[in-house]
Amino acid sequence: MEVDAVSSDVSADHVIAELLEMGFDFDKISEAIGVVGPNRADVVEFVLNGSGSGQRKPSQEFGRDLSVPSNSGSRASDRRTRLANPRGRFKQSSITDHVSSTTCSKRESRGEEASTSYSCLVDSVDPGLTAAICSKSKPESQPLLENPRGGFDRSNKISAVLRKHFGFLSVKGFQKEALDAWFAHKDCLVLAATGSGKSLCFQIPALLTTKIVVVISPLISLMHDQCLKLAKHGISACFLGSGQPDNRVEGKAMAGMYKIVYVCPETVLRLMEPLKKLAEKPGIALFAIDEVHCVSKWGHDFRPDYRRLSVLRENFSSSNLKFLEHDIPLMALTATATFPVREDIVKSLKMSEDTLIVLTSFFRPNLRFNVKHSKTSASSYGKDFQELTEIYNASKNFGGKGQKILHAVEPDSESSSYESLDDSASDDDYAIAGSTNHGDIKRRKVGMSLVNENAEHELDQYQGVDDFDVSCGEFLEGSRPESFASPAQSNETISLESLDQGPTIIYVPTRKETVELANYLCKSGLRAAAYNAKMPRSHLRQVHEQFHSNVLEVVVATIAFGMGIDKSNVRRIIHYGFPQSLEAYYQEAGRAGRDGKLSDCTLYCNFLRTPTLLPNKRSDEQTKAAHRMLRDCFQYALNTSTCRAKILVKYFGEEFGPDGCQMCDICINGPPQMHDFKDEAVVFMNVLRAQTGQATEDMDCNSMSRSKSGRRSFGAIPDFRTAVSYIREKFPRFVTTDKIWWQGLARILEGMGYIQEAAEIPRVVLQHPEPTRAGLNFLSSQPDEEGLYAYPDAATLLLMSNPKSFSSSSEWGRGWADPETRRQRLAGRKTGRRKRKRGSRKQPTGFTTAKERLSAILSKSKRRR
Ligand SMILES: Nc1ncnc2c1ncn2[C@@H]1O[C@H](COP(=O)(O)OP(=O)(O)OP(=O)(O)O)[C@@H](O)[C@H]1O
Ligand SMILES: [Mg+2]
């Protein structure tokens, strides 16, 4: 018996593989095998003639011929063709009209008219009828997973749909785990590297059942890209943004017309009741919450509406909806969630207690991380982007085709006004400045002014879900909206496909910089475009389009162009200026090398300038988190001794092992020579100790400066600036040292656990460092002969190699002068009016008394040495 069962499975496998190859639908093949057995001819007969239970023709059901007879079918497709905009633009708020009719013809040629007719005809029938068609014309078969008649095991089913729709041979380990959780009706949190293939975890279930998968996604651009890909893979999908709803698409989605429905969180909340109906018939297989780190306030991209998605668990449980056998599983996915964020996700979404956490390595072995010092201002563009412009321009010189585009854009051409343009998408309102030929002059002008008018010298922030000028759209199997036609087919555009280098994304912190740098690159002959959230939606959509179709060489963007972008051949990600967090950095770096090929992720930043840009609107809590995140970025950049990839994955809680990636600048160049910091450390920590009022070495420095209530008593907070100033005044050998040097030392001592930040809200650099118990022990027990060796950080190294240039008053900061000037000023304060005026001011906190204590400590310490 067992042998029979096995051989029957094998032959069934064989038949299913053969028929899939022939283009038959997996659901139908398996149903047919369940009824007539694994005989190829019988199965084909069953599928084609529809003699089984699931093959009722819609026309027979409704007394109306809906089975794509030649006339009505062509009318439907004609109608769609007419609706399609000949220029390939989306209509405002809906892209339904741009769906091509290829589905019908493709399916017809396979002899599948009857079974697929509803998808060809839905445009031509009223919503009520489409709902009826949807629920009655589709085979009444149970989801395959619940119907073991076919005799296939799970992995065979998965392999079959994977091969058929995506062309992949097998699922990855973590994808299988996520699918297993779904099979078991369990909630699941998938944490896997960028580009690892998380989308497949929720796309495959849609192909294994007759139920619908609902995906919650944070941006229209993201939903749009995914729908487009699914359509190409023969899977119908639609997206529903938060803008003006298109009742037609929404109605069809809620009637179960698309296998996968992408929705933004706001819309999910609005559609609760229709979703409940959908859950009843044809059923919801899964709620997938993509980019789920957006749920968490501690994440780098908090979206308040994501937090309200707990309604999914509350509403779609079997206790709430009696027709459900199991709770509809939640599958939450992200590539960038730290431990606290993960906890927050599970809690805020009210995921079940037995939620399966699918965790894979965050490591991206083909990404080569580098950090370079730069002023990151317009004056450094020439130096920093020379190599990039050479790479692209060289290939144009060789490629012939591209030579045409080596036009610099004259600054004068930035004259026309965007105001004068129609806000709807048009070919003219988009410019890749520096583009192809004389006919493009108008486009260049418009584009330059367009970007300038949208330039703001502030951080880009979340502007809402709708980053495109369309708010919903449908994509039927095999459809290809005209506006996304390959540029190679167009006379106006040039494809980069012949180039072996893929495109580059440059991330800059502010909107203004997107424009400035894009303009600079255009003038250097590159096809570049700016992208930030304040630009017109039509422009943003077209940048996406041109980027995906290899027309653009470089996109200069803020964080608005990040999450989920899946273009396989991005070869370089450049961050020009500090990102706001390492999560954001890793998320954006993850756009590179999704084809598995070596790609560069380079961070250019000013080692000597503390990153300060923070989001405008924020609570105290968010300020604290923002400073902490910036601090992590700063330390990542200044690191000189630990593999970059190791730091990054460790940030997400992953241990990397002893070896580094062997590719990053640190692994390649090795760490710098260690330096003995003992002399400076002793002086610095003694000053700090004196500032805290610590007179004797055996007292607990951490608690002494707090009152009984636990708050710090006034005047006892140590202060970094005061300490450095004091050292420079009292120790001639340190008179020319820069505060940046002392900041470097403070970081080293903090890393060793000898000092800690005393302020309630820590800033990016230490403001109020106080010695810890370990630090005090170090001060009291250090033997003379032992040094305090450590790797200097990148800022310290820079100062060591160029000791004088950074002691200027400008580098020293507002209100501070270089050491000599300051000395003279202080001396001047002892006499005259100025002295009297200043004398009436309060002395710096804790300084006067600390000064006396300090003298005593220092002279004691000198005597001991
Ligand atoms: N089993 C597989 N075999 C081969 N390639 C796969 C497999 N699964 C997914 N891929 C490919 O991996 C690429 C990245 O997939 P996807 O966009 O789902 O990544 P992601 O994990 O969601 O990344 P991100 O976190 O950046 O959104 C896709 O182009 C997809 O085709
Ligand atoms: Mg993704």
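Here the structure is a predicted model, which is why all the values come from computation and not from measurement.

Asks: An account of the pairing of strand β6 (residues 330–334) is needed here, citing residue identities and associated values.
Replies: In terms of burial, β6 is largely enclosed, as 5 of its 5 residues are buried. What you see with β6 is no split at all: Leu330, Ala332 and Thr334 on one side and Met331 and Leu333 on the other are buried throughout. Bridging between strand β1 (residues 188–191) and β6 involves 4 bridges; their strand directions are parallel. Bridging across to β6, valine 190 finds its partner in leucine 333. In the sheet, strand β5 (residues 284–289) pairs with β6 via 3 bridges, with the strands oriented parallel.

Asks: Now, about the sheet that holds strand β13 (residues 572–576): what can you tell me, with residues and values included?
Replies: The 6 strands lie next to each other as β8-β14-β13-β10-β12-β11, forming an open sheet whose pairing is parallel. Two strands in the sheet have a free side with no partner beyond their single neighbour: β8 (367–373) and β11 (528–531). Along the sheet, successive strands turn relative to each other by an average axial angle of 15°, direction set aside. Direction of pairing for strand β10 (residues 504–507) relative to strand β12 (residues 554–557): parallel, over a ladder of 4 bridges. From the neighbouring strand, isoleucine 506 faces β12, where its bridge partner is valine 556.

Asks: Let's hear about the pattern of salt bridges: which residues, and what values?
Replies: Overall, the coordinates contain 18 salt bridges when judged by the stated rule. Where aspartate 180 meets arginine 154, a salt bridge forms, and the shortest distance between an N and an O atom there is 3.8 Å. With aspartate 180 in helix α10 (residues 173–183) and arginine 154 in helix α9 (residues 154–166), this residue pair connects regions lying 26 residues apart in the sequence. For aspartate 180, a relative accessible area of 26% puts it in the partly exposed group. Arginine 631 serves as the salt-bridge partner of glutamate 750, at 2.4 Å between the closest nitrogen and oxygen. Placement of the pair is glutamate 750 in helix α31 (residues 739–751) and arginine 631 in helix α25 (residues 620–638), with a sequence separation of 119 residues. What you see here is one network of salt bridges that share partners, running through Arg154, Lys176 and Asp180.

Asks: Which residues make up the packing of aromatic side chains, and what are the values?
Replies: Applying the stated criterion across every chain, the model contains 27 aromatic pairs. Ring geometry for phenylalanine 369 versus tyrosine 585: centroids 6.2 Å apart, planes at 55°, classification tilted. Of this pair, phenylalanine 369 sits in strand β8 while tyrosine 585 sits in helix α24 (residues 582–589); the two residues are 216 residues apart in sequence, bridging distant segments of the chain. Considered together, phenylalanine 369 and tyrosine 585 belong to a single accessibility category, that of buried residues. Taking the centre distance of 4.8 Å and the plane angle of 50° together, the rings of phenylalanine 385 and tyrosine 576 count as tilted. Taken together, the residues phenylalanine 385 in the loop between α19 (381–384) and α20 (386–399) and tyrosine 576 in strand β13 connect sequence positions 191 residues apart. Overall, phenylalanine 385 belongs to the buried group, its relative accessible area being 1%. It is arginine 342 that lies over the ring of phenylalanine 339; its NZ or CZ is 4.5 Å from the centre.

Asks: I'd like to hear about the site of ligand 1, residue by residue, with values.
Replies: Near ligand 1 you find 19 residues, and of these Gly195, Lys198, Ser199, Arg591 and Arg594 are the closest. Between an oxygen atom of ligand 1 and a side-chain N or O atom of lysine 198, the distance comes to 2.7 Å. Aspartate 566 places a polar side-chain atom, nitrogen or oxygen, 3.0 Å from an oxygen atom of ligand 1. Against a free-state accessible area of 650 Å², the protein chains account for coverage of 82% of ligand 1. Top contributing element to the shell around ligand 1 by residue count: helix α11 (residues 198–208), with 3 residues. Here the shell around ligand 1 is built from residues that sort into 5 nonpolar, 8 polar and 6 charged. Residues from two domains meet in the shell around ligand 1; each of domain 2 (167–359) and domain 3 (367–389 + 500–660) gives at least three.

Asks: Can you lay out helix α12 (residues 220–232) for me, pointing to particular residues and giving the numbers?
Replies: For α12, spanning 13 residues, the distance from its first C-alpha to its last is 18 Å, which sits close to the expected 18 Å at 1.5 Å a residue. Those residues of α12 not exposed but buried are Ile220, Ser221, Leu222, Met223, His224, Asp225, Gln226, Cys227, Leu228, Leu230 and Ala231. Its buried side turned inward, α12 meets α9, α11, β3 (237–240), β4 (260–263), β9 (472–475) and α23 (537–548). Looking one or two residues past α12, glycine 234 carries a phi angle of roughly 80°, positive in sign.

Asks: Account for the pairing of β4, naming residues and giving values.
Replies: A two-sided burial pattern is seen for β4, the buried positions comprising Ile260 and Tyr262 on one face and Val261 and Val263 on the other. Here 4 bridges tie β3 to β4, and the two strands are oriented parallel to one another. Bridge pairing links phenylalanine 239 to tyrosine 262 in β4. At this point the chain moves from β3, through helix α13 (residues 247–254), to the parallel β4, and the crossover so formed is right-handed.

Asks: How would you sum up the packing of α24 against α25? Please name residues and give values.
Replies: α25 packs onto α24 with a crossing angle of 60° between their chain directions and a minimal axis gap of 8 Å. With respect to their mutual orientation, α24 and α25 come out oblique. Contacts between α24 and α25 involve Leu582, Glu583 and Tyr585 from the former and Met629, Asp632, Cys633 and Tyr636 from the latter. For the contact of α24 with α25, the class distribution of residues is 5 nonpolar, no polar and 2 charged.

Asks: Summarise the nonpolar core; cite the residues concerned and give the values.
Replies: Phe316, Ile345, Phe369, Ile506 and Phe684 are the most contacted members of the largest nonpolar core, which totals 149 residues. Once you skip the residues sitting within four places of it in the chain, isoleucine 506 turns out to touch Phe385, Leu388, Leu517, Leu521, Val554, Val555, Val556, Ala557, Ile574 and Tyr576. Listed in part, the 50 residues of the second largest apolar core include Val161, Val213, Ala285 and Leu333.

Asks: Could you give me a rundown of the UniProt feature "domain: Helicase ATP-binding" (unreviewed entry) in the protein chain, with the residues and numbers involved?
Replies: The positions UniProt marks with the feature "domain: Helicase ATP-binding" (unreviewed entry) are residues 179–355. Taken end to end, residues 179–355 comprises 41% helix and 16% strand; its first and last C-alpha atoms sit 13 Å apart.

Asks: Pulling in residues and values, what's your account of the environment of lysine 281?
Replies: Topologically, lysine 281 is positioned in the loop between α15 (272–280) and β5. The exposure class of lysine 281 is partly exposed, given its relative accessible area of 46%. A sequence separation of 69 residues divides lysine 281 from isoleucine 212, and the C-alpha atoms of the two residues are 9.5 Å apart.

Asks: With reference to specific residues and values, describe the packing of helix α28 (residues 678–691) against helix α32 (residues 773–781).
Replies: Describing two packed helices takes the angle between their axes plus the distance from one axis to the other. Between α28 and α32, the least distance of the axes is 11 Å, while the angle of their chain directions is 120°. Put simply, α28 runs oblique to α32. For the element pair α28 and α32, the recorded crossing hand is left-handed. Facing Val682, Met685, Asn686 and Arg689 of α28, the residues of α32 in contact are Gly775, Leu776, Phe778 and Leu779. Looking at the contact of α28 with α32 residue by residue, the classes come out as 5 nonpolar, 2 polar and 1 charged.

Asks: Talk me through the environment of valine 261; I want residue IDs and the actual numbers.
Replies: With respect to the secondary-structure elements, valine 261 resides in strand β4. For valine 261, a relative accessible area of 0% corresponds to the buried category. For the pair formed by valine 261 and cysteine 238, sequence separation is 23 residues and the distance between their alpha carbons is 5.2 Å. Setting aside chain neighbours within four positions, we find valine 261 in contact with Ile212, Val213, Val214, Val215, Cys238, Leu240, Ala253 and Met254.

Asks: I'd love a proper account of the sheet that holds strand β7 (residues 356–359), names of residues and values included.
Replies: Across a sheet, paired strands are connected by hydrogen bonds in the backbone, their directions being either parallel or antiparallel. One open sheet holds the 8 strands; their spatial order is β7-β1-β6-β5-β2-β4-β3-β9, and the pairing between them is mixed. Sheet topology places β7 and β9 at the edges, where each strand pairs with a single neighbour. Averaged over all adjacent pairs, the angle separating strand axes in this sheet is 15°, with direction ignored. Along the sheet, α12 contacts β3, β4 and β9; its crossing angle with β3, the most-contacted strand, is approximately 170°.

Quick notes on the rules
- Residues numbered from 1 in each chain as written.
- Chains lettered and ligands numbered in written order.
- Predicted model: local features only at pLDDT ≥ 70, side-chain atom pairs only at ≥ 80, totals over all residues.
- Heavy atoms only, no water.
- Buried < 20%, exposed > 50% of the residue type's maximum accessible area, 1.4 Å probe, protein only.
- Helix = DSSP H or I, 4+ residues; strand = E, 2+ residues; numbered from the N terminus.
- Pairing = 2+ DSSP bridges.
- Axes fitted to C-alpha atoms, helices over the stretch in contact; angles between N-to-C directions.
- Salt bridge = Lys/Arg side-chain N within 4 Å of Asp/Glu carboxyl O.
- Phe/Tyr/Trp six-rings, centres within 6.5 Å; stacked < 30°, edge-to-face > 60°.
- Lys NZ or Arg CZ within 6 Å of the ring centre and 35° of its normal.
- Near = heavy atom within 4 Å.
- Polar contact = N/O pair within 3.5 Å; in protein donor to acceptor, adjacent residues only side chain to side chain.
- Areas by Shrake-Rupley, 256 points an atom, 1.4 Å probe, with all protein chains shown as cover.
- Nonpolar A, V, L, I, M, F, W, Y, C, P; charged D, E, K, R; others polar.
- Domains from an automatic or database assignment.
- Expected span 1.5 Å × (residues − 1).
- Contact = heavy atoms within 4.5 Å.
- Right-handed = clockwise from strand over helix to strand, strands pointing away.
- Parallel < 35°, antiparallel > 145°, perpendicular 65-115°, else oblique.
- Core = buried A, V, L, I, M, F, W, Y, C linked by side-chain atoms within 4.5 Å.
- UniProt positions renumbered as here; feature names shortened; annotations may be inferred.
- Left-handed = near helix turned anticlockwise from the far one by under 90°.

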